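Here's the letter readout for the chains.
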Amino acid sequence: MLGIIGAMDIEVEALYERMTETEVRTIAGMEFHKGKLEGTETVVVRSGIGKVNAGICSQILADCYHVTEIINTGVAGSLKAEINIGDIVLSSTAVQHDVDAGVFSYPPGEIPGLGIREFPADEKLLALAKECCERVNPEIQVFTGRVASGDQFIDSKEKKTRIHDTFDACCTEMEGAAIAQTAWLNKIPYLIIRSISDKADDSAHMDYDVFEAKAAANSVRLVTAMAKALSH
Ligand code: ADE
């Protein structure tokens, strides 16, 4: 069973519409839509925004649906000049940019006790996503790199520069690394797929409103193609 998490309606509604044989169950206030997506047994869910929601949602996918892979789809702010609005970033790893236990000599992003700072994405899902993205979204660029997540909408040059310079991340959003951490703890392969809606700077809020829908559509196209490939 494939698990797909989006934080917002715009990121999952198009997937619900493409599903067949759907059963809906509400757990922790989240609607889990289980059915077939392009022939693949899939659960699609809107987690809500932020790392806590994303972690809870991922654990439910593990415990109640025994998912074998988790894909996180959605939008993100770009942290690099060459990554433009509309482009897609695939996670090589994910890190939490708002974790700081530096006083105990931990590097930025490392949660004490875990023994790992960033959570590696699954190589097979990554290769499949690259191949599908080049096929279904040929007009955009696709990048692979670090995703930095935190419970903040990044909307200034200062905040953006700190995250970029500390983590050398490609994009920033608010759920991915929590999903990655939960997947890592449960030994479930995962991948974050983020379509760029803004540049995480002073124009982020304006750009986000304009480009969110277009960016989300690119992610949906890619995730649908991956579900189809996984059914074979
Ligand atoms: N999601 C989309 N754009 C974002 C940004 N700039 N910061 C955090 N999450 C985002």
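Residues numbered from 1 in each chain as written. Predicted model: local features only at pLDDT ≥ 70, side-chain atom pairs only at ≥ 80, totals over all residues. Heavy atoms only, no water.

1. Considering the overall build of the chain
Part 1 of the reasoning: Secondary structure summary: the chain contains six helices and ten strands in total.
Part 2 of the reasoning: Against the 2.2 N^0.38 benchmark of 17 Å for 232 residues, the chain shows a C-alpha radius of gyration of 16 Å, consistent with a compact globule.
Part 3 of the reasoning: Taking the principal axes of the C-alpha coordinates as reference, the chain spans close to 50 × 40 × 30 Å.
Part 4 of the reasoning: Counting every position in the chain, which comprises 232 residues, the buried fraction comes to 55%.
Part 5 of the reasoning: Of all intrachain contacts in the chain linking residues separated by at least 6 positions in sequence, the fraction that spans at least 24 positions is 77%.
Part 6 of the reasoning: As presented, the chain carries roughly 9900 Å² of accessible surface, and 52% of it is formed by carbon and sulfur atoms. (Helix = DSSP H or I, 4+ residues; strand = E, 2+ residues; numbered from the N terminus. Rg over C-alpha atoms; globule rule 2.2 N^0.38 Å. Buried < 20%, exposed > 50% of the residue type's maximum accessible area, 1.4 Å probe, protein only. Contact = heavy atoms within 4.5 Å. Areas by Shrake-Rupley, 256 points an atom, 1.4 Å probe, with all protein chains shown as cover.)

2. Considerations on the packing of helix α2 (residues 51-65) against helix α5 (residues 176-185)
Part 1 of the reasoning: Running from N to C, α2 and α5 cross one another at 30 degrees; their axes reach a closest spacing of 8 Å. Once α2 is placed against α5, the crossing between them reads as right-handed. On α5, the residues touching Lys 51, Ala 54, Gly 55, Ser 58 and Gln 59 of α2 are Ala 178, Ile 179 and Thr 182.
Part 2 of the reasoning: Tallied by class, the residues present in the contact of α2 with α5 amount to three nonpolar, four polar and one charged. (Axes fitted to C-alpha atoms, helices over the stretch in contact; angles between N-to-C directions. Left-handed = near helix turned anticlockwise from the far one by under 90°. Nonpolar A, V, L, I, M, F, W, Y, C, P; charged D, E, K, R; others polar.)

3. Some remarks on the side chain of Asp 207
Part 1 of the reasoning: Within the fold, Asp 207 resides in helix α6 (residues 204-230).
Part 2 of the reasoning: As a buried residue without a salt bridge, Asp 207 has its nearest oppositely charged side chain in Lys 199, at a separation of 8.3 Å.
Part 3 of the reasoning: Among all residues touching Asp 207, those that are not within four sequence positions of it are Ile 85, Ser 197, Asp 198 and Glu 212. (Lys, Arg positive; Asp, Glu negative; His and termini not counted. Salt bridge = Lys/Arg side-chain N within 4 Å of Asp/Glu carboxyl O.)

4. A short note on the nonpolar core
General note: in soluble globular proteins, nonpolar side chains tend to be found buried as a group.
Part 1 of the reasoning: Counting residues in each nonpolar core, the largest one holds 60 residues, and the members touching the most others are Phe 32, Leu 61, Tyr 190, Ile 193 and Met 226.
Part 2 of the reasoning: Look past the residues within four positions of Met 226 in its chain and what remains in contact with it is Ile 71, Leu 125, Leu 128, Ala 129, Cys 132, Leu 191 and Ile 193. (Core = buried A, V, L, I, M, F, W, Y, C linked by side-chain atoms within 4.5 Å.)

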